[in-house]
Amino acid sequence: MDSPGFHNLDAVGFLQIWQRFDADDNGYIEGKELDDFFRHLMKKLGAEDDLSAGKVQKIKERFMSAYDVTADGRLQIQELANMILPEDENFLLLFRRETPLDNSVDFMRIWRKYDADSSGYISATELRNFLRDLFLQHKKMISDDKLDEYTDTMMKFFDKNKDGRLDLNDLARILSLEENFLLQFKMDACSLEDRRKDFEKIFSHYDVSKTGALEGPEVDGFVKDMMELVKSSITGVDLDKFREILLRHCDVNKDGKIQKSELALCLGLKLNQ
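Since we're looking at a predicted model, the values are computed, not measured.

Within the fold, D133 resides in helix α6 (residues 124–137). What D133 contacts, discounting residues up to four positions off in sequence, is K113 and Y114.

Moving on to the UniProt feature "domain: EF-hand" (unreviewed entry) in the protein. Residues given the UniProt feature "domain: EF-hand" (unreviewed entry) here are residues 9–44, 102–137, 146–181, 194–229 and 237–273. In residues 9–44, helix accounts for 67% and strand for 0%; the two terminal C-alpha atoms are 12 Å from one another. Here residues 102–137 runs as 69% helix and 6% strand, with 19 Å between its end C-alpha atoms.

Chain-level statistics for the protein give a pLDDT mean of 84 and a share of 88% at 70 or above. Mean pLDDT values for the elements of the protein range from 82 in helix α4 (residues 77–84) up to 96 in strand β3 (residues 213–214).

Phi is positive for K210, close to 55°, though the residue is something other than glycine. With a phi angle near 55°, K254 is a residue other than glycine that sits in the positive phi range. Secondary-structure assignment places K254 in the loop between α11 (236–250) and β4 (258–259).

Below, the discussion takes up the pattern of salt bridges. Under the criterion given, the structure shown has 22 salt bridges. The partner of K146 in a salt bridge is E149, with the nearest N and O atoms 3.4 Å apart. Of the two residues, K146 and E149 are both situated in helix α7 (residues 144–158); the distance of three residues between them amounts to about one turn of the helix. For K146, a relative accessible area of 24% gives the class partly exposed.

Per the stated rule, a full pass over the model turns up one disulfide. The disulfide partner of C250 is C266, and the gap between their sulfur atoms is 2.1 Å. Between C250 and C266, the S-S dihedral sits near -70°, and the bridge is therefore left-handed. One end of the pair, C250, is in helix α11; the other, C266, is in helix α12 (residues 260–266), and 16 residues separate them in sequence. The exposure class of C250 is buried, given its relative accessible area of 1%.

Inspection of the secondary structure puts G73 in the loop between α3 (53–67) and α4. Since its relative accessible area comes to 43%, G73 is described here as partly exposed. Sequence-wise, G73 and G31 are 42 residues apart; in three dimensions their C-alpha atoms are separated by 8.5 Å. Beyond its immediate sequence surroundings of up to four residues, G73 is in contact with L34, M64 and D68.

Reading guide: rules and limits
Residues numbered from 1 in each chain as written. Predicted model: local features only at pLDDT ≥ 70, side-chain atom pairs only at ≥ 80, totals over all residues. Heavy atoms only, no water. Helix = DSSP H or I, 4+ residues; strand = E, 2+ residues; numbered from the N terminus. Contact = heavy atoms within 4.5 Å. UniProt positions renumbered as here; feature names shortened; annotations may be inferred. pLDDT = per-residue confidence, 0-100. Salt bridge = Lys/Arg side-chain N within 4 Å of Asp/Glu carboxyl O. Buried < 20%, exposed > 50% of the residue type's maximum accessible area, 1.4 Å probe, protein only. Disulfide = S-S within 2.5 Å.

Printed below as a string of C-alpha cells:
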C-alpha cells in the first residue's frame, strides 16, 4: 500500500493535507478528522459512488492496521507520511526511523547544537543546518534547492506564531518527542517512601551519563519537563531563565552540575543512606 491515491505528492502538498485534517492542531488526526481523511482518500481512489459510513470504516480499518504503528487509533504525522508520501519525498521519516526521541535530554542536546547563537530560538538558517546534517547522517544526497524547499516548508508549517523562527515546542513537534516523562508521577504522593522511589526513577531517567549528577543537556531536559507541567508552551528563553534559577538554588558546591543529593535537598527530600 504505497501512496494510495496521492500520485506525485511532494512534501509541500503533504503538509497541506496534514494541516487540513489535523483541524484542531493537536498533532494527531483522530476521531472525526480521521473519518474525514479516509472519506477524502476514498475519493482519491475513485470510490465516490460508495462513501457510506460502513465503507469508510472498512477502508479506515484496513489502512490503520498497516500504518498506525503506535496502535492508538489515531495518526501521527510520520504515520501519515508513511501512508501517502512517495519514499523519495518522505524526508519526515528521517526524524524517527532510526533515532526515536524518548528523552528530553537527547532533545535538548539537539536544541543546544542548532541554536548556534544561543538566542533561545531556531532560525531558518539554523533549521536548514539541522536538516542538512540529518540528510548527511542518513547518507542521503539532496540538492541545495531541495534543502531550501524543505526548510521553507517546515518553517511555514511549524512556525505557529509566524515570527520566522522556531521555539522549543515547535522543534519538539518536528522531532515527535515522546510524552513528558514527569506526567506519570503523582507530585502530591503522600508516602515518603513513594516519594523516594519516584525521585530515584526521575533522577535515573535524566542522569543519562550515569555520573550521579545532572549536567549540560541533562539539566536542560529536566528543566524543560518540569516547566511544561505548569506552562504548556515554553521558549528557549524561558528555559534558560528557569535553568539559572534552579542552578542557583540547587547547585550548592557551584560546579555547574546538580548532584543527586543536591536535587533531593532542593526538593525537600531526605534520601536513604
